[in-house]
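Residue-level structure breakdown
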Amino acid sequence: MEEAAGERSNLAGVRHILLVLSGKGGVGKSTVSTELALSLRHSGKKVGILDVDLCGPSIPRMFRVQDNDVHQCDSGWVPVFADQDKSISLMSIGFLLEKPDDAVVWRGPKKNALIKQFVADVAWGDLDFLIVDTPPGTSDEHISTVEALRPYKPLGAILVTTPQAVSVGDVRRELTFCKKTGLRVLGIVENMSGFVCPHCSECTNIFSKGGGEELAKHAGVPFLGSVPLDPQLSQSLEEGRDFIREFPKSSAFPALTHIAQQILDGTLQQSS
């Protein structure tokens, strides 16, 4: 990655930056960010997650590192490592709060200043991928994130939706946001796409089905896959366990690993 300024940037060692977006809250952006990071790690990649959801930081808990502290070094903030191999590194406002239940009651300018500080002052070192987990919407935080990352040429954005029409409508607005800000859309993921019974393997479409795929077709962007509701996935996120390693027979496993493989294939095609 090219350096954005004359001096070496903290993002100079990051090969690919991708954002996880959605116009809707509660669709599973942090879930997709977490499982994408784990899938890429199991493919031999070094991954970082930058959690810019300042009012609802979920990433620390999903990796069971919510009690860890951020330390300073000469280059800035040292990210929190999720494993002994230091193959997944994390930064979130969740590590900076005195108490985990503290609310972040900030106006836009203060949020924007912290996002810029996260982009500039976290010493990521060498990473294959930096995944940016964003809050819902198309507001100040998103504009600040995209503008701060623009000099580092992000790979693009993954948009997450659930199948029902109200969610798909909000994600359609996120597509407009990406177009207006010049952010490439890597594809759409349909999360919570059916529930596969763990006893009989029958799939029930609780929230309907196919809205994400239809939106991708209409918008002319790739459809990366459908991730079913899976109790094992929910349990692993609650307990901070490695779903990709522990539940290879789960109904959600092939969908999540296929999404990661498409991202890997896309970067290979781009570099060739």
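Residues numbered from 1 in each chain as written. Predicted model: local features only at pLDDT ≥ 70, side-chain atom pairs only at ≥ 80, totals over all residues. Heavy atoms only, no water.

1. Examining the packing of helix H1 (residues 29-42) against helix H7 (residues 231-239)
For clarity, the cut-off: Angles run from 0 to 180 degrees between N-to-C directions of axes, and those axes are lines fitted to C-alpha atoms, restricted for helices to the stretch in contact. Strands here are runs of E lasting at least two residues and helices are runs of H or I lasting at least four, both read from the DSSP assignment and numbered beginning at the N terminus. Orientation labels follow simple angle bins: below 35 degrees gives roughly parallel, above 145 gives roughly antiparallel, 65 to 115 gives roughly perpendicular, and whatever is left gives oblique. A contact between two residues is defined here by any heavy atoms of the two lying within 4.5 Å.
For the pair H1 and H7, interaxial distance at closest approach is 12 Å and the crossing angle is 85°. If you check the angle between H1 and H7, you find them roughly perpendicular. Counted together, Thr31, Thr34 and Glu35 of H1 and Leu233, Ser236 and Leu237 of H7 form the full contact between these two elements.

2. Notes on the pairing of strand E1 (residues 14-21)
The following threshold applies: Each residue's exposure class comes from its accessible area (1.4 Å probe, protein chains only) as a fraction of the maximum for that residue type: buried when under 20%, exposed when over 50%, partly exposed otherwise. Strands are labelled as partners when DSSP assigns at least two bridges between them.
Burial within E1 is extensive, with seven of its eight residues counted as buried. As judged from the six bridges shared by E1 and strand E7 (residues 127-133), these two strands associate in the parallel manner. Across the sheet, residue isoleucine 17 finds its bridge partner in E7, namely leucine 130. Alignment of E1 against strand E8 (residues 156-161), held across four bridges, turns out to be parallel. Within the sheet, the bridge partner assigned to leucine 19 lies in E8 and is alanine 157.

3. A short note on the packing of aromatic side chains
The condition is simple: Side-chain rings of Phe, Tyr and Trp, where Trp is taken by its six-membered ring, are said to pair if the distance between their centres is within 6.5 Å; with planes under 30 degrees apart they count as stacked, over 60 as edge-to-face, and otherwise as tilted.
This model, assessed by the stated rule, comprises two aromatic pairs. A ring pair is formed by tryptophan 77 and phenylalanine 118, whose centres lie 5.7 Å apart and whose planes are at 65°; its orientation type is edge-to-face. Here tryptophan 77, found in strand E4 (residues 76-78), pairs with phenylalanine 118, found in helix H3 (residues 108-121); they are 41 residues apart in sequence, far enough to count as distant.

4. Regarding the layout of surface pockets
Convention followed: Lining residues are those with an atom within 4 Å of a point, where the points come from a 1 Å grid over the protein atoms alone and group into cavities, where a 1.4 Å probe fits but cannot get out, or pockets, open sets with protein on both sides within 12 Å along at least five of seven lines. Grid points are joined across faces, edges and corners, and a volume is the space filled by probe spheres set on the points. The nonpolar class holds Ala, Val, Leu, Ile, Met, Phe, Trp, Tyr, Cys and Pro. Asp, Glu, Lys and Arg form the charged class, and all remaining residues, Gly among them, are polar.
For the largest pocket, the calculated volume is near 360 Å³. For the largest pocket, the lining is made up of 20 residues, of which Gln66, Gly94, Leu97, Pro100 and Asp101 are closest to its centre. Residues that form the lining of the largest pocket fall into these classes: nine nonpolar, four polar and seven charged.

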